[in-house]
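Structural description and commentary
What follows is each chain in one-letter form.
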Amino acid sequence: MAKERSSSATLLPQGVYIVSTGSVVGPKEGEGPLGTAFDRVWPDEGKRFSSYEKAEQQLLNEAYEVALEKSGFDWSDIDLVLGGDLLDQTISTNFTGRQHQRPLLGLFAACATFTEALGLGSMLVSGSNARDVIVSASSHHLTAERQFRFPLELGYQRPPTAAWTATAAGAAVLSKDAGPIQVRAVTFGRVIDAGGRDPNDMGSAMAPAAFDTIYRHLASTRTRTCDYDAIVTGDLGYFGLDMLKVYAQESGLIFGVELQDCGRLLYDPTTQDTHNGGSGPGCSACVFAGPLANRLVRGDWGRLLLVATGALFSPTTYQQGETIPCIAHAVELVAV
Amino acid sequence: MGLQQTRYQQLSKEKMPKRPVLRNLLWAFMIGGAICLAGQFVQLFFMHQGMSVKEAASPTTVVMVGIGAVLTGAGLYDRLVKRAGMGGTLPITGFANAMVAPAMEFRAEGLIMGVGARLFTVAGPVLAYGMAAAFVVSAVRYLVTGVA
Amino acid sequence: MSFVWAFVVGGLLCVLAQLILDLARLTPGQVLVLFVVAGALMGGLGVYGAFVQFAGAGATVPLPGFGYTMVEGIGEAVKQKGPMGLFTGSLTASAGGIKAAVLFGLAASLIFKPKA
């Protein structure tokens, strides 16, 4: 059978299940509206470590541990680890690999890394001899700030479109064995560059990429937005989600109450001073691994489309005046 | 520019949340003014010690830089600027903040390539272009008038 | 009255900078460079000196004062040493602030840890 188009959704022929998830977040995320839905909330950003890079590695390590503990698996059961983070050379994920000693594939799709890992991991479980796989993504506010923007104590006024990088890690254990959530289909994103160039406005820059992936997923799975209990985008935030709705409307796609956004859900902008909302690979990872997975497991939702979005720029490219290419990866999940 | 880019520019411009410009200006005025007022007090203090206006300039700057450095170290200056914007950045205390903050931040990368090299990451451009502009302006004046 | 003018003039300079930041969408770094260069230019034209006499710290504490100080320093140095002053004057005059910032920066990096 000829493939319809290489860029359309992949339906997973063999059952792939999420057995368990683990979410570990920083204090600010713990104080947010979703605070009680996370497995662990750190009392501080990790000041006991000699660097915040080390703190982020521990955050990720704990997310792995929590997810494994809940699954009943040991590290020795895990065939493959897939994950990524925001730091240069994906050091958080790679350095954490020193501890778990399992085969590791480091991934990068900025804030879309979690669904990249989840989608790719599911395809491998479905179509290879990998049986049990763990996927993850992490970020830390303080390590991201120093890499992408400025030193912490430097006075700086954030515009209303600025996002707040989350201190958070999320992990999920995937298996051929039945679990409470099934991964049904995956649509990987294309790089879409609509010409945004402001690193303080990633939400609107990512909206066209989110739209493209959602549109292609719906078209190739022959579903409509109302077939889903929830369609949750990555880190579009307030501004980006508004832009997405406009793009959708112009193409005849109507979103209802099912459309939400991880970056928007994570914080309370009125009291937490987070402007456009949360961002960072850990944002969609922890929001899925905590509250969203809970809702699927409890049966509140039957079907979820998770669409993490990533802005694929680096400090070098924006200093050179380049525009910001963006990507979004979608994973369709159903409650079992 | 493609159709997609044009549409994005239009849409993002239209939907972009507005910056609270008026509130920013008010805060910039109040905090910026207050810092300069503090500077005036310090300068007057040194003049009371018998210095001329000119002589008092350097010690005043040193004290103001010290205030900026201490507030930065205590983690207060970034909070001040969040409200005050350029009201906190433009005065010399903001210059101190721009040098002290990276020095603190990159301590983890060592004293040489961390603290030593990064001290000037933010303040460097100000010094470089300040010196260059002062040189050019003075050189032109010297060539034209004979005194710099 | 010197206090009132220091407050008002200093505040207005910051307002101007904020206006450029918000409306022209420049980065803070670009605004600072713009202002220090403008201070040097106005110093060279002899405008900023009058401004300093009038507003005191309101004109010297904001960054254009830094550019002005450098130009003034060059003027003095050239008077004493001739053309070589073009090279030595600006840093001599601004040495206090720069050296204080370097020393305090080094000290702070040893004493304080950045907070979230």
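The structure this text deals with has already been given above.
These remarks concern the structure in this document. (Residues numbered from 1 in each chain as written. Chains lettered and ligands numbered in written order. Predicted model: local features only at pLDDT ≥ 70, side-chain atom pairs only at ≥ 80, totals over all residues. Heavy atoms only, no water.)

**Notes on the overall build of chain C**
What counts is decided by this rule: The helix count covers DSSP runs of H or I at least four residues long, the strand count covers runs of E at least two residues long, and both are numbered beginning at the N terminus. Relative accessibility decides the category of a residue: with a 1.4 Å probe and only protein chains considered, values under 20% of the type maximum give buried, values over 50% give exposed, and everything between is partly exposed. In this analysis, two residues are considered to be in contact whenever any of their non-hydrogen atoms come within 4.5 Å of each other. Computed by Shrake-Rupley with a 1.4 Å probe, the accessible areas treat only the displayed protein chains as cover when residues are assessed.
When helices and strands are counted, chain C shows six helices and zero strands. In chain C, the succession of helices and strands from N to C terminus is α-α-α-α-α-α. If one aligns the C-alpha atoms of chain C with their principal axes, the spans along those axes are about 50 × 35 × 30 Å. Expressed as a percentage of its 116 residues, the buried residues of chain C come to 49%. Long-range pairs, those at least 24 residues apart, make up 46% of the contacts in chain C between residues at least 6 apart in sequence. In the form shown here, chain C has an accessible surface area of approximately 5200 Å², with 75% of it arising from carbon and sulfur atoms.

**A look at the pairing of strand β12 (residues 303–311) of chain A**
Residue and element names in this part refer to chain A. So the rule is basically this: Any two strands between which DSSP finds at least two bridges are classified as paired.
Within β12, nine of the nine residues are buried, which leaves the element mostly enclosed by the surrounding structure. With burial as the criterion, each face of β12 is covered, one bearing Arg303, Leu305, Val307, Thr309 and Ala311 and the other bearing Leu304, Leu306, Ala308 and Gly310. With four bridges connecting them, strand β9 (residues 230–233) and β12 associate as parallel partners. Bridging from a neighbouring strand, Ala230 pairs with Leu304 of β12. Alignment of β12 against strand β13 (residues 326–335), held across nine bridges, turns out to be antiparallel. Residue pairing for β13: Ala311 is matched across the bridge by Cys326.

**Quick look at the interface of chain B and chain A**
Inclusion rule: A 1.4 Å probe defines the accessible area here, and the buried area is the portion of it lost by two parts on being joined, summed over both. Each reported salt bridge corresponds to a side-chain nitrogen of Lys or Arg within 4 Å of a carboxyl oxygen of Asp or Glu. Any pair of nitrogen or oxygen atoms within 3.5 Å is treated as a polar contact; in protein, a donor-acceptor pairing is required on top of that, and neighbouring residues in sequence qualify only through side-chain atoms on both sides. When residues are sorted by character, Ala, Val, Leu, Ile, Met, Phe, Trp, Tyr, Cys and Pro go into the nonpolar class, Asp, Glu, Lys and Arg into the charged class, and all the rest, Gly among them, into the polar class.
Contact with chain B, which involves 32 residues of that partner, is made by 26 residues of chain A. Summed over the three residues of chain B that lose the most area to chain A, namely B:Tyr8, B:Lys82 and B:Glu105, the buried surface amounts to 25% of that side. Here A:Asp273 and B:Lys82 are joined by a salt bridge, their closest N and O atoms 3.0 Å apart. Remark: the boundary between chain B and chain A carries 13 residue pairs in polar contact (both at pLDDT 80 or more). Elements supplying a minimum of two residues to the side of chain B that touches chain A: α1 (3–15), α4 (77–84) and α6 (92–105) of chain B. For the side of chain B that touches chain A, the element with the most residues is α1(B), which contributes eight residues. Counted by class, the side of chain B that touches chain A contains 14 nonpolar, nine polar and nine charged residues.

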